[in-house]
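# Coordinates in review
Okay, here's what each chain looks like letter by letter:
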Amino acid sequence: MFGDLFEEDYSSVSNNQYGKGKKLKTKALEPPAPREFTNLSGIRNQGGTCYLNSLLQTLHFTPEFREALFSLGPEELGSLEDKDKPDAKVRVIPLQLQRLFAQLLLLDQEAASTEDLTDSFGWTSNEEMRQHDVQELNRILFSALETSLVGTSGHDLINRLYHGTVVNQIVCKECKNTSEKQEDFLDLTVAVKNVSGLEDALWNMYVEEEVFDCDNLYYCETCDKLVKATKSAKLRKLPPFLTVSLLRFNFDFVKCERYKETSPYTFPLRINLKPFCEQSELDDLEYIYDLFSVIIHKGGCYGGHYHVYIKDIDHLGNWQFQEEKSKPDVNLKDLKNEEEIDDPLMILKAILLQEKNNLIPVDQLGQKLMKKIGVSWNKKYRKHHGPLRKFLQLHSQMFLLSSDESTVTLLKSPPLQAGPASRRPDQHVFQTPTAEAPGFHDTASCPHWFDINDSKVQPIEEKDIEQQFQGKESAYMLFYRKSQLQRPPEAQANPRYKVPCHLLNEMDAANVKLQINRAEDSNVELHLHLGPRYRFFNGALHPVGSQTESVWDLTFDKRKTLGDLRQSVFQLLEFWEGDMILSVAKLVPAGLHVYQTLDGDELTLSDNAIADGEDIFVWNGMEVGGVQIQTGVDCEPLLLNVLHVKTGSGGEKGGQLVDSAHVFPSNAEVASVFAALAIPGDVIFIDRAEAAGEERWSAVPREDMKRTFRELGLRNGSSILIRDSNDDDSLLPKQGRWISRTNEINWLQVKNLCQSEAEQKEVKITATVNTVVFDIRTKAIKELKLMEELVENSCLRPVDRNGKLLCPVPDSYTLKAAELKLGSSLGLCLGKAPTPSQLFLFFAVGSDIQPGTEMEILVEETVSVSDCLKLMLEKSGLPGETWHLRKMDWCYEAGEPLCAEDATLKELMICSGDTLLLVEGKLPPPGFLKVPIWWYQLWEPSGQWKSHQNGSSYTPSRGEGWGAASTQGAPGKMPVEVSLLYVGDIEISEDATLVDLKSQAMALPPFSDFVVPSPAFLRAWTVESKRPGRLLRTNQQQLKDYKLGRRTEVCLEPLQKEENLGPQDVLLRTQMRIPAERAYAPALDVVWDTARGWTACSLRQRVASFYSLPVEKIEIAKYFPEKFEWLPISSWNQQVTKRKKKKKQDNLQGPPYYLKDGDTIGVKNLLADDDEDFSTIRDDTGKEKQKQLALGRKRSQEALRVHSSSAEGPARSRGPEASLSIHVGSFQ
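Below, the structure is looked at part by part. Note that the structure is a prediction, hence the values are computed from the model and not measured.

### Focus: the overall build of the protein
From N to C terminus, the protein includes 26 helices and 59 strands. Each of the 1228 residues in the protein was classed as buried or not, and the buried ones make up 48%. Of all intrachain contacts in the protein linking residues separated by at least 6 positions in sequence, the fraction that spans at least 24 positions is 70%. Of the roughly 60,300 Å² that the protein leaves accessible, carbon and sulfur atoms contribute 50%.

Shown next, in the form of structure tokens:
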């Protein structure tokens, strides 16, 4: 009935890469991760085998069962090496169980695999993905074991340990005759509905009597008539191990649906079964049973997950809680009260004292902190103490950060009282465990309970079992053992006890192999693409600034979880605000495209199939730069070559074809090309060059115009031709650029570019993919009838579709190694191909590269950047020394400069075929920044500068000629504009402080016309999109700490008084609304201390205090100038998360406000103004302009907008009911 009732809940399991949605087996880590601090091994889930894992762990932690199985040697069970021999009788199931138990005991791995065991069951991959009832599995597995052990000394193993009997009796009230029926049981099935607990259920089953009377009489054979009688049941024989199955799942015949009983149901840790037994003359201890395992089901009747609470009878594991692990080393007992534990200084100091040389990488410091206290730095301390790195910087008297901020050292100061320098439990070097487990003597008197959830093992306290009495996550099977069963002292903390010698040897050898494999590098290199540093245009994502600022490289252990990766990225990106989503991305010819969002923070990077060199896009999961981003393989951007007939200024058509590249979503309709490009035509031809046996160009039928680019087989680099149906078909052959394809292409076309006077210009050379380039070159010279001397002084260069010559191909390469396709064109050119130690480079002058202007040069890969620059300057004929080199990036734009002038091209990973750009301007020395400086103030139409602090004005004496970049949408009665006036550039060391930058900027000539008493009267901002961005607040902080980058610009704002903002202070521009005028007074600065949280209530109190108004008589709103909108900030605003369905305190840093330094806050005095509107007339005008712009964009791009269906796909159908079975051979 319940065949597929317990289907695995995959809600927390991510789909495989690129969103195909196919669920795969969890792959084992190579090599697997070592055991965690508990020193116990979990079992990997194969997709739906959590029910199997929970039962296997229970059997493994039943020492009597485990040792009885180990007592059966190869002479009785056979050998796994012989299992495939036709005549061998190998009892595979018990052998695989022995091997699994040995791995769980001795092998140093976080989780064991059950694939070999389930293979011995005869299960397919579908069976491993389908979850069944663990109660059903318990009976079937025992039955399979009994069948497998027939004819061995273990034939009665199950019967001896688990079989009990129940006797049912009916007693006649007249003749007192008793009718008995005895039944065997492996487990007792007890009711849950309308029962308070286990003892209540047993009382109903084995103490209460059922009376047959009235209309329900019993037929007595002795009396030969219907009589009154009583029916009862008693436990006649109790097994050493009692298994109890709880009937949590029932069927509602009224609603005709299944349901799970989640009402409270208690069960004792120790139970006396004497009241329920037939014979009660034995010693009371014979009836006492102790609970040692609770299998728990989490979920509903149509899906869920199993895990198990287990009592470690032999104390094999390390039963220490993570908070307690540091006690032997650091004596956290010294942190006597909660206030001291909440002090991050004490906690961080305690962690560093445990490290060798008191030094640790900063990202590991955050992870160890989370292990110590159970929560991350961001959740516990960031609100009051800021980011972790900033906290370490502010406490420089105690912590020393390295120059690149990657590691932190504890300075010598009075340390916490530390214990002896013993090895921590989580730092032990694994050896096959011997006589003692860590921490055993400390906690010997306490029951050692663990929560084993597939691969994860965590210690729990005995009182935690009470949490499983009720709810959707509640006990489903209970396992008790006789309290009289005592374990020998030599079994305590000794996992090698009773393990056969051949398994001991196998596990020891496997541990040695694991240690060798782990010595190899297990890290992966990840490329983090930062969403705020990207913009979406031309169909794909592109970096806004340099590659260095947009893409950060991170080396990470693939054995760590996605949650660990997310935490590390949070710590790296201290500027990040709001939600953080990690998605798999890929660089395609059009740009960067996002495919699949990574979820399942408990999964490792290996489980998520994260490969070395993976591109990870870090964003908010919705938009980039205000543009909604479509993700997935379906909408992957395609870079297509579009050809059309060139038209003159009068609309007349010429005879020349124009070729241009355009990007389209692969799920866009082909007909969208006409509207998107506004090219006249009604026929589309597709280049079928890759399809054998077809014409090169074929027209798209009109009925196929609604099909997508992908459906028509178009790929990156495909060509399409747009033309009128009336155009002459002879146009194509006239171009001389397309070549007819034969059915089988086995040639290359070589063009003579050496001697223009030669009779023959090109020739076809027969070749295969394994033909060597040298052979093709010599054949071409011979067939072109050129001079034989060219063999020593010529090379072959590929010709791209635009006729550009690419990098020469080395003679020793095959066509396959050179990635040359058959049928392509090569140019035979003068000059030798580069040797393996040489680089063939293109270079151009300036950052605006025009096609065909590149020059070529051949240099040694060991040449330095400065020498390469001299060679290029000499070849291009450019004078002077004020030049530097930049590498052209994948966007065909000038990338980061090559700053290390003494580094070789090889060290900088410059390859043949790369393009370098000669850019005018000398680079600052290493460790220096060249920073453009801007002057920032509010500018009124009256021609006066306005001060934020007190509204005072003055008129500048110069600057009228400077360019001003006005800020769009600043509110006010008279529009106040933010102007950035360029002052000049300064060259400054990265080790200099912010006050040094201000002082050096004040020395620039334009500053002589402004009266600035000292650097303390200047406020510094970064410049982002020609507007003030991030506030640089600490004067004594070094510039390198701000991570400004080489393209950062800084604007300086004059102040009327000195300012010293703390790390928790937020600077806001406030404007009081003028009643009845839909306008605002000039802006005034308000400094808000957020030490007590970024709450709306705190902000309202600060603003009310600043304007001397009652807090209940003001309303405030944040202004979004890019949208011309005001968003009211209410103190009672609460946000409800969809996932947890509980309220959380509002945080103005997060959505929807994203409050930061420099934001504008509108203030309304309710005593004088009761209008609910915050907007101004200027906002209305701005919104109308935006609406018109949006309509224009919509019309021009209408054909490219492919709307994905908002309807969800069909719900996952439940699989057909299937019974569980284990296939066992015949051993009769």
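### Let's talk about helix 9 (residues 198-206)
Listed as buried for helix 9 are L198, A201, L202 and Y206. Buried positions in helix 9, seen along its axis, are confined to an arc of 105 degrees and lie on one side of it. Elements that come into contact with the buried residues of helix 9 comprise strand 3 (164-172), strand 5 (188-191), strand 9 (229-237), strand 10 (241-247), strand 13 (270-272) and strand 21 (473-482).

### Brief notes about the packing of helix 12 (residues 344-354) against helix 13 (residues 362-373)
Relative to each other, helix 12 and helix 13 sit at 110 degrees, their axes nearing to 10 Å. Taken together, the axes of helix 12 and helix 13 lie roughly perpendicular to each other. For the crossing formed where helix 12 meets helix 13, the hand is right-handed. Side by side, helix 12 and helix 13 meet where I347, L348, I351 and Q354 of the first sit next to L365, K368, L369, K372 and I373 of the second.

### Some details on the sheet that holds strand 9
Taken in spatial order, the four strands line up as 4-3-9-6 in an open sheet, and their pairing is antiparallel. Of all strands in the sheet, those with a lone pairing partner are strand 4 (178-185) and strand 6 (210-212), marking the two edges. Between one strand axis and the next, the sheet turns through 25 degrees on average, direction left out of account. As paired strands, strand 3 and strand 4 are joined by eight bridges and run antiparallel to one another. Along strand 4, the bridge assignment pairs N168 with K181.

### Some thoughts on the packing of helix 1 (residues 50-60) against helix 7 (residues 134-148)
Running from N to C, helix 1 and helix 7 cross one another at 55 degrees; their axes reach a closest spacing of 10 Å. Taken together, the axis directions place helix 1 and helix 7 in an arrangement best described as oblique. Considering only the axes of helix 1 and helix 7, their crossing is right-handed. Residues Y51, L52, L55, L56 and L59 of helix 1 touch helix 7, and the partners they reach there are V134, L137, N138, L141 and F142.

### With respect to empty space enclosed by the protein
All chains considered together, the criterion is met by seven cavities of 30 Å³ or more. Taken as a whole, the largest cavity holds about 80 Å³ of empty space. Forming the boundary of the largest cavity are L994, K998, A1016, L1018, R1019, A1020, L1032, R1033, N1035, L1055, E1059 and L1061. Elements with a contribution of two residues or more to the lining of the largest cavity: helix 24 (994-1002) and strand 49 (1018-1024). For the lining of the largest cavity, the leading source of residues is strand 49, giving three residues.

### Here's the deal with the sheet that holds strand 43 (residues 894-897)
Paired through their backbone hydrogen bonds, the strands of a sheet run either parallel or antiparallel. Taken in spatial order, the five strands line up as 41-40-44-42-43 in an open sheet, and their pairing is mixed. Strands with a single pairing partner mark the edges of an open sheet, and in this sheet they are strand 41 (855-860) and strand 43. Each strand axis lies, on average, 40 degrees off the axis of its neighbour in the sheet, ignoring direction. Pairing analysis gives four bridges linking strand 40 (residues 838-845) to strand 44 (residues 915-920), with the strands arranged parallel. Each residue of the ladder has a partner; that of V845, found in strand 44, is L918.

### Some details on the nonpolar core
One broad rule of soluble globular proteins: the nonpolar side chains tend to lie buried together. Core analysis: the largest hydrophobic core is formed by 67 residues, its most contacted members being L56, F65, F101, F121, V134, Y162 and I1222. For this core, the element with the most residues is helix 4 (residues 92-106), which contributes nine residues. Once residues within four sequence positions are removed from consideration, I1222 is found in contact with I93, F121, W123, L137, I140, L141 and A144. Within the second largest apolar cluster, 35 residues are counted, among which are F185, L238, Y265 and I271.

### Things to note about the pattern of salt bridges
The final tally for this structure, using the stated rule, is 39 salt bridges. In this structure, D314 engages R487 in a salt bridge whose closest nitrogen and oxygen atoms are separated by 2.8 Å. Within this pair, whereas D314 is found in the loop between strand 15 (303-311) and helix 10 (327-330), its partner R487 is found in the loop between strand 21 and helix 17 (501-518), the two being separated by 173 residues in sequence. As far as the burial class goes, D314 and R487 line up, both buried. For D1085, the salt bridge identified is with R1069, shortest N-O distance 2.7 Å. Note that D1085 is positioned in strand 54 (residues 1084-1089) and R1069 in strand 52 (residues 1065-1074), a separation of 16 residues in sequence. The same class applies to D1085 and to R1069, which are both buried.

### Some remarks on unusual backbone geometry
One non-glycine residue, D454, lies in positive phi territory at about 55 degrees. For D454, the position within the fold is in the loop between strand 19 (449-453) and strand 20 (456-460).

### Observations concerning a nonpolar patch on the surface
Among the surface-exposed residues, L217, Y219 and L226 lie close enough to one another that they form a single nonpolar patch of about 280 Å² accessible area. By the secondary structure assignment, L217 is in the loop between strand 6 and strand 7 (218-220). Its relative accessible area of 33% is what places L217 among the partly exposed residues.

### Some details on the pairing of strand 38 (residues 794-798)
Extensive coverage of strand 38 is indicated by the burial of five of its five residues. Residues S794, L796 and P798 point to one face of strand 38 and C795 and R797 to the other, with burial holding for every one of them.

Cut-offs and rules
- Residues numbered from 1 in each chain as written.
- Predicted model: local features only at pLDDT ≥ 70, side-chain atom pairs only at ≥ 80, totals over all residues.
- Heavy atoms only, no water.
- Helix = DSSP H or I, 4+ residues; strand = E, 2+ residues; numbered from the N terminus.
- Buried < 20%, exposed > 50% of the residue type's maximum accessible area, 1.4 Å probe, protein only.
- Contact = heavy atoms within 4.5 Å.
- Areas by Shrake-Rupley, 256 points an atom, 1.4 Å probe, with all protein chains shown as cover.
- Arc of directions from axis to C-beta.
- Axes fitted to C-alpha atoms, helices over the stretch in contact; angles between N-to-C directions.
- Parallel < 35°, antiparallel > 145°, perpendicular 65-115°, else oblique.
- Left-handed = near helix turned anticlockwise from the far one by under 90°.
- Pairing = 2+ DSSP bridges.
- 1 Å grid on protein atoms, 1.4 Å probe; cavity = no way out; pocket = protein on both sides within 12 Å on 5 of 7 lines; lining within 4 Å.
- Points joined across faces, edges and corners; volume = space filled by probe spheres on them.
- Core = buried A, V, L, I, M, F, W, Y, C linked by side-chain atoms within 4.5 Å.
- Salt bridge = Lys/Arg side-chain N within 4 Å of Asp/Glu carboxyl O.
- Patch = residues over 30% accessible without salt bridge, like charges linked within 9 Å, V, L, I, M, F, W, Y side chains within 5 Å.

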